[in-house]
Amino acid sequence: MAPQWRIVMGCDEAGLSYKNKIKADFEADPRVVSVVDVGSGAPDDKTPYPTRAAAAARLVAKGEADRALLVCGTGLGVAIAANKVKGIRAVTAHDSFSVERSVKSNNAQVLCFGERVVGIELARKLAKEWLDHEFDPASASAKKVEEICQLEEEEA
């Protein structure tokens, strides 16, 4: 049986257009049972991207969402900010292979896009593909992900 994802989305003003289009795709996708939008909601909302990324990442870390998709100008800033939340593995990816491996090799729960870097149709395609990928805790990658988690504990 296919997973039923609870997705949280966020962006700054530079990612608003993509966030809204991908959000509509997710809301129409039978694999997605809920979409929570932590903003931004308007082009004149200048809330900094770290605020939006952290809000989304915290929902994932608390188990209130399974994954988050974040958008800013490059995808880099939201990834850095989301990664500051304990237990989160966020990546910026703009190609199918990287999206797949982010989940299957790294168990990343947060995918970040740059609206100024990748075209909208590619971003929509990658977001749909992302829903197909699951981490296998029995895979050879599981030990590496555990090591990443241990690094986070050492720094606490």
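Definitions and cut-offs
- Residues numbered from 1 in each chain as written.
- Predicted model: local features only at pLDDT ≥ 70, side-chain atom pairs only at ≥ 80, totals over all residues.
- Heavy atoms only, no water.
- Salt bridge = Lys/Arg side-chain N within 4 Å of Asp/Glu carboxyl O.
- Buried < 20%, exposed > 50% of the residue type's maximum accessible area, 1.4 Å probe, protein only.
- Phe/Tyr/Trp six-rings, centres within 6.5 Å; stacked < 30°, edge-to-face > 60°.
- Lys NZ or Arg CZ within 6 Å of the ring centre and 35° of its normal.
- Pairing = 2+ DSSP bridges.
- Helix = DSSP H or I, 4+ residues; strand = E, 2+ residues; numbered from the N terminus.
- Axes fitted to C-alpha atoms, helices over the stretch in contact; angles between N-to-C directions.
- Core = buried A, V, L, I, M, F, W, Y, C linked by side-chain atoms within 4.5 Å.
- Contact = heavy atoms within 4.5 Å.
- Polar contact = N/O pair within 3.5 Å; in protein donor to acceptor, adjacent residues only side chain to side chain.
- Parallel < 35°, antiparallel > 145°, perpendicular 65-115°, else oblique.
- Left-handed = near helix turned anticlockwise from the far one by under 90°.
- Nonpolar A, V, L, I, M, F, W, Y, C, P; charged D, E, K, R; others polar.

On to the pattern of salt bridges. This model, assessed by the stated rule, comprises twelve salt bridges. Of the charged contacts, one joins Arg31 and Asp29 as a salt bridge, the two residues approaching to 2.6 Å between their closest N and O atoms. Taken as a pair, Arg31 and Asp29 share a single burial class, namely buried. Taken together, the shared-partner salt bridges connect Lys19, Lys23 and Asp37 into one network.

All right, on to the packing of aromatic side chains then. On inspection of all chains with the given rule, the structure shows one aromatic pair. The residue whose ring lies beneath Arg67 is Trp130, and the NZ or CZ to ring-centre distance is 5.1 Å.

Before going further, it helps to spend a moment on the sheet that holds strand β5 (residues 110-114). The strand order β2-β1-β3-β5-β4 describes an open sheet built from five strands, whose pairing is parallel. Because the sheet does not close on itself, it has two edges, and the strands there are β2 (32-37) and β4 (90-92). The sheet shows a mean angle of 20 degrees between the axes of neighbouring strands, direction not considered. As judged from the five bridges shared by strand β1 (residues 5-11) and strand β3 (residues 67-72), these two strands associate in the parallel manner. From the neighbouring strand, Gly10 faces β3, where its bridge partner is Leu70.

Core analysis: the largest hydrophobic core is formed by 24 residues, its most contacted members being Ile7, Ile22, Phe26, Leu69, Phe113 and Trp130. Listing elements by their share of this core, those giving two or more residues are β1, α1 (16-28), β2, β3, α4 (96-104), β5 and α5 (120-130). The dominant element in this core, judged by the number of residues it contributes, is α5, at five residues. Ile7 has contacts with Phe26, Val32, Ser34, Val35, Val36, Arg67, Trp130 and Leu131, leaving out every residue within four places of it along the chain. Formed by 21 residues, the second largest nonpolar core is a distinct cluster that contains Val60, Ala65, Ala68 and Val110.

If you trace the backbone, Glu129 turns up in helix α5. What makes Glu129 buried here is its relative accessible area of 18%. Side-chain polar atoms of Glu129 contact the side chain of Ser96, separated by 2.7 Å.

Moving on, we get to the packing of α1 against α5. Taken N-terminus to C-terminus, the directions of α1 and α5 make an angle of 40 degrees; their axes are 10 Å apart at the nearest point. By the angle class used here, α1 and α5 are oblique. The two elements α1 and α5 cross, and the hand of that crossing is right-handed. Residues Tyr18, Lys21, Ile22, Asp25 and Phe26 of α1 form the contact with α5, whose participating residues are Ile120, Ala123, Arg124, Ala127, Lys128 and Trp130. In the contact of α1 with α5, the residues fall into seven nonpolar, no polar and four charged.

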